[in-house]
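Structural description and commentary
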Amino acid sequence: MTPTPPTPTPTPTSPPAGAAAPPPGPPRPYTLVAELTYRCPLRCAYCSNPIALAGLGAELDTATWARVFGEAEALGVMQVTLTGGEPLVRTDLEELVRAARERDLFTTLITSGVPLERERLLRLRDAGLDGVQLSFQDVDPAAAARVAGIEALARKQEVAGWVKALELPLTVNIVLHRENLPRLPALIALAEELGANRLELAHVQYLGWALLNRDVLLPTAAMIAGARATVSAARVRLGDRMEILSVLPDYFSDRPRACMEGWGRRYLVIAPDGRVLPCQAAHTLSGLTFDNVATRGLGEIWRDGDAFARFRGESWMPDPCRSCERRRIDFGGCRCQAFQLTGDMQATDPTCGLAPRHDLVRAARSAAESRAGESPAIEGAAPTPESAAPLLRLRRPPTVG
Ligand code: SF4
Ligand code: FES
């Protein structure tokens, strides 16, 4: 199971008598998100890959990743999530797992499971893999295929069985949205049947491809309230048998969440071509320069890199964040969301009720409410009076292989 990063303990320092205390350095990162590739056999409608892939550099090679894991350990990183795209398309994945484990980094594979074979999973376990997070789109095969672009539900169920048989901790990841929320009880039951140690239910974050599909994916307030009640009841019923993590959409709360636990505070993301980012969507922010591990050390990038320094702390904040009592709790919300909604990456996150452009989020919610009478339908299913509304078209990324 992926460990929860512990609360950082400040290192005591004793400046020489009379000397001014040194300025506090950047905090210690705990998690390295290693995006090994953008290649993937799926085409999910909320894919976190960049919308435009042309012009990106080649993927980092094995030796560079191994060096970077060493630099991450020296920085204090405790865990590496191996993700993509689909990380299994990297033929050197076993070597990468071994390299991370040699640095005592806790390794979690985040995968669709589609290209996996049982023998390969065994090799990954023997290389030191600590846990598997397996993504599911839906419990209904047709609905899952509508979101993922391919039929993969049965395959994923088979892979979950191998993970359990090899006694690896299994986390089931499900991205929630308007079309699968009505099946939330069945989704929880699916994770139970698979013997998941943990279930992560994260609502779509409306960035990139998901923002393009927001009209289809954004639920109503009543659906969110129903999901909250369903999760609460499941937690009571399941107790310690299966941990449930739930992330509700910030479009329905009056204050934003602390995206990535604050910019440049806990997470490092390394893109397939070696650019180091504070979050998986930061590549969308025009005007920021991202250093690359191929040409600069990870520690230096974390401490001094322009992109990390830009939104660390509070000095960059405009009003109303600048004087808000929550500025050290949510750090002004999500920079990528602010940029993608307003065109200004410094703006207060529009999901905040105090933000000057909160109207943008209210308008999106109103549009979702205006569709409240429509029942989510499943492509390919026989039409019923309730599901007769035509399905809205989902836009999806091309297959990257
Ligand atoms: Fe957070 Fe800024 Fe909103 Fe205050 S005004 S709650 S700091 S986003
Ligand atoms: Fe980039 Fe939130 S996704 S700051």
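Just above, that's the structure.
So, how was this worked out
- Residues numbered from 1 in each chain as written.
- Chains lettered and ligands numbered in written order.
- Predicted model: local features only at pLDDT ≥ 70, side-chain atom pairs only at ≥ 80, totals over all residues.
- Helix = DSSP H or I, 4+ residues; strand = E, 2+ residues; numbered from the N terminus.
- Buried ≥ 20, exposed ≤ 12 C-beta atoms within 10 Å, placed from the backbone.
- Contact = placed C-beta atoms within 7 Å.
- Pairing = 2+ DSSP bridges.
- Near = placed C-beta within 6 Å.
- Nonpolar A, V, L, I, M, F, W, Y, C, P; charged D, E, K, R; others polar.
- Axes fitted to C-alpha atoms, helices over the stretch in contact; angles between N-to-C directions.
- Parallel < 35°, antiparallel > 145°, perpendicular 65-115°, else oblique.
- Left-handed = near helix turned anticlockwise from the far one by under 90°.

**Section: the overall build of the chain**
Summing up its helical and strand segments, the chain has 14 helices and nine strands in all. Every one of the 401 residues in the chain was classed for burial, and the buried ones make up 44%. Within the chain, counting contacts between residues at least 6 apart in sequence, those at least 24 apart form 73% of the total.

**Considerations on the pairing of strand 8 (residues 267–270)**
Going residue by residue along strand 8, you find Y267 and V269 tucked away on one face and L268 and I270 tucked away on the opposite face as well. Pairing geometry for strand 1 (residues 31–35) and strand 8, over four bridges, is parallel. Along strand 8, the bridge assignment pairs L32 with L268. Both strand 8 and strand 9 (residues 276–277) contribute to a ladder of two bridges, which runs antiparallel. Within the sheet, the bridge partner assigned to I270 lies in strand 9 and is V276. Taking the residues that link successive antiparallel strands as the turn, the strand 8-strand 9 hairpin has five residues, and the phi of G274 there is positive, at about 100°.

**Structural notes on the site of ligand 1**
For ligand 1, the set of nearby residues contains 14 residues, the closest of which are C321, C324, R326, R327 and C352. Taken together, the residues of the shell around ligand 1 break down into six nonpolar, three polar and five charged.

**Observations regarding the sheet that holds strand 7 (residues 243–247)**
With mixed pairing, nine strands are arranged side by side in an open sheet as 7-6-5-4-3-2-1-8-9. Unpaired on one side and paired on the other, strand 7 and strand 9 mark the two borders of the sheet.

**Digging into the packing of helix 1 (residues 62–75) against helix 2 (residues 93–102)**
Where helix 1 meets helix 2, the axes come as close as 9 Å, and the angle between the chain directions of the two elements is 20°. It follows from the interaxial angle that helix 1 and helix 2 lie roughly parallel. For helix 1 against helix 2, the interelement crossing comes out right-handed. Seen from helix 1, the contacting residues are T62, W65, A66 and F69; seen from helix 2, they are E95, L96, A99 and A100. Considering only residue class, the contact of helix 1 with helix 2 consists of six nonpolar, one polar and one charged.

**Regarding the packing of helix 2 against helix 3 (residues 118–127)**
With their axes 8 Å apart at the nearest point, helix 2 and helix 3 run at an angle of 20° to one another. By the angle between their directions, the pair helix 2 and helix 3 is classed as roughly parallel. For the element pair helix 2 and helix 3, the recorded crossing hand is right-handed. Contact with helix 2, carried on its side by L93, E94, V97, R98 and R101, involves R123, L124 and A127 of helix 3 and no other residues of that element. For the contact of helix 2 with helix 3, the residue count by class is four nonpolar, no polar and four charged.

These results come straight from atomic positions and should not be treated as a statement about function.
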